[in-house]
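# Residue-level structure breakdown
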Amino acid sequence: MHKNLVDIKNLESPPKVIKKFISPSEVDQFLKLYNELPIVVNNIKQKVIKKRWLEGYGKELANLFKERLKSQIGEFKMDNLITDDGKECFGLFQESINPLKLHVDAGFNLSDLIYKQTLIPLSKYGETVIFKN
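Structural notes, computed from the coordinates. (Residues numbered from 1 in each chain as written. Predicted model: local features only at pLDDT ≥ 70, side-chain atom pairs only at ≥ 80, totals over all residues. Heavy atoms only, no water.)

Between the first and last C-alpha of helix 3 (residues 59–73) there are 21 Å, a value that for 15 residues agrees with the 21 Å anticipated at 1.5 Å per step. Trailing helix 3 by a residue or two, Gly74 shows a phi angle of about 85 degrees, which is positive. (Helix = DSSP H or I, 4+ residues; strand = E, 2+ residues; numbered from the N terminus. Expected span 1.5 Å × (residues − 1).)

Below, the structure is given as structure tokens:
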């Protein structure tokens, strides 16, 4: 059982949609980053491509994202995955024709206090969502 389950439940909130979290030109920068990242999974049958935002890629975008997120939710610590070779994975990009059910990959350390998750559609026609799961 998670050590902070009661505290985590108390921090839950309805989804929050943030309009204009990133500008159209920043969307283009994220798309450029996406195109530069190595493919982790290319499942042709399920039509899913996954790429990890690895340490060393898009440092300026990482800083921009953290500052914008901080302005919305306050101070936070990222719960980043670590790759097999010890590099930090800042996030995951997924391109899919038939996406999985919305879910989070967090809470692996049972003593961490899980707070919020983010989802940023990489389209000039979309919204940034901070969701409860």
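From this point, things continue past the structure.
Turning our attention to helix 2 (residues 24–36). Here helix 2 is 13 residues long and its end C-alpha atoms lie 19 Å apart, about the 18 Å a rise of 1.5 Å per residue gives. Among all positions of helix 2, only Glu26, Val27, Phe30, Leu33 and Tyr34 are buried. One side of helix 2 carries all its buried residues, which in axial view fall inside an arc of 115 degrees. For helix 2, the exposed residues lying more than 90 degrees away from the buried face are Lys32 and Asn35. Looking at the packing, one finds that the buried side of helix 2 touches strand 3 (48–54), helix 3 and strand 5 (88–96). (Buried < 20%, exposed > 50% of the residue type's maximum accessible area, 1.4 Å probe, protein only. Arc of directions from axis to C-beta. Contact = heavy atoms within 4.5 Å.)

The strand order 2-3-5-4 describes an open sheet built from four strands, whose pairing is antiparallel. Across the chains shown, the open sheet's two edge strands, defined by having one partner strand only, are strand 2 (39–43) and strand 4 (81–82). Of the strand pairs in this sheet, strand 2 and strand 3 are connected by four bridges, and their pairing is antiparallel. Note on strand 3: the bridge partner recorded for Asn43 is Val48. (Pairing = 2+ DSSP bridges.)

Let us look at a nonpolar patch on the surface. On the surface, Leu11, Leu113 and Tyr115 cluster together to form a nonpolar patch covering roughly 250 Å² of accessible area. Locating Leu113 in the fold gives a position in the loop between strand 5 and strand 6 (117–119). Exposure remark for Leu113: the relative accessible area of 47% places this residue in the partly exposed category. (Patch = residues over 30% accessible without salt bridge, like charges linked within 9 Å, V, L, I, M, F, W, Y side chains within 5 Å. Areas by Shrake-Rupley, 256 points an atom, 1.4 Å probe, with all protein chains shown as cover. Salt bridge = Lys/Arg side-chain N within 4 Å of Asp/Glu carboxyl O.)

Turning next to the packing of aromatic side chains. Inspection of every chain in the model, using the stated rule, returns six aromatic pairs. Taking 6.0 Å as the distance between ring centres and 80 degrees as the angle between the ring planes, the aromatic pair formed by Phe21 and Phe65 counts as edge-to-face. Separated by 44 residues along the polypeptide, Phe21 in the loop between strand 1 (16–18) and helix 2 and Phe65 in helix 3 bring together distant segments of the chain. Both residues of the pair, Phe21 and Phe65, belong to the buried class. Ring centres of Trp53 and Phe90 lie 4.5 Å apart, and the angle between their planes is 80 degrees; this geometry places the pair in the edge-to-face category. (Phe/Tyr/Trp six-rings, centres within 6.5 Å; stacked < 30°, edge-to-face > 60°.)

The next subject is the nonpolar core. By size, the foremost hydrophobic cluster in this structure holds 16 residues, and its most contacted members are Phe21, Phe30, Leu33, Trp53, Phe65 and Phe93. Mapped onto this core, the elements with two or more residues apiece are helix 2, helix 3 and strand 5. Ranked by residue count, the leading element in this core is helix 3, at five residues. (Core = buried A, V, L, I, M, F, W, Y, C linked by side-chain atoms within 4.5 Å.)

This next bit is on the side chain of Lys51. In this fold, Lys51 is placed in strand 3. There is a polar contact of 2.8 Å between the side chain of Lys51 and the backbone oxygen of Tyr34. (Polar contact = N/O pair within 3.5 Å; in protein donor to acceptor, adjacent residues only side chain to side chain.)

Right, let's get into the pairing of strand 5. Looking at chain direction, strand 3 and strand 5 are connected through seven bridges and run antiparallel. Across the sheet, Lys50 pairs through a bridge with Gln94, a residue of strand 5. Alignment of strand 4 against strand 5, held across two bridges, turns out to be antiparallel. Its bridge partner lying in strand 5, Ile82 is registered against Glu88. Connecting strand 4 to the antiparallel partner strand 5 that follows it, the hairpin turn spans five residues, and Gly86 within it adopts a positive phi of roughly 85 degrees.

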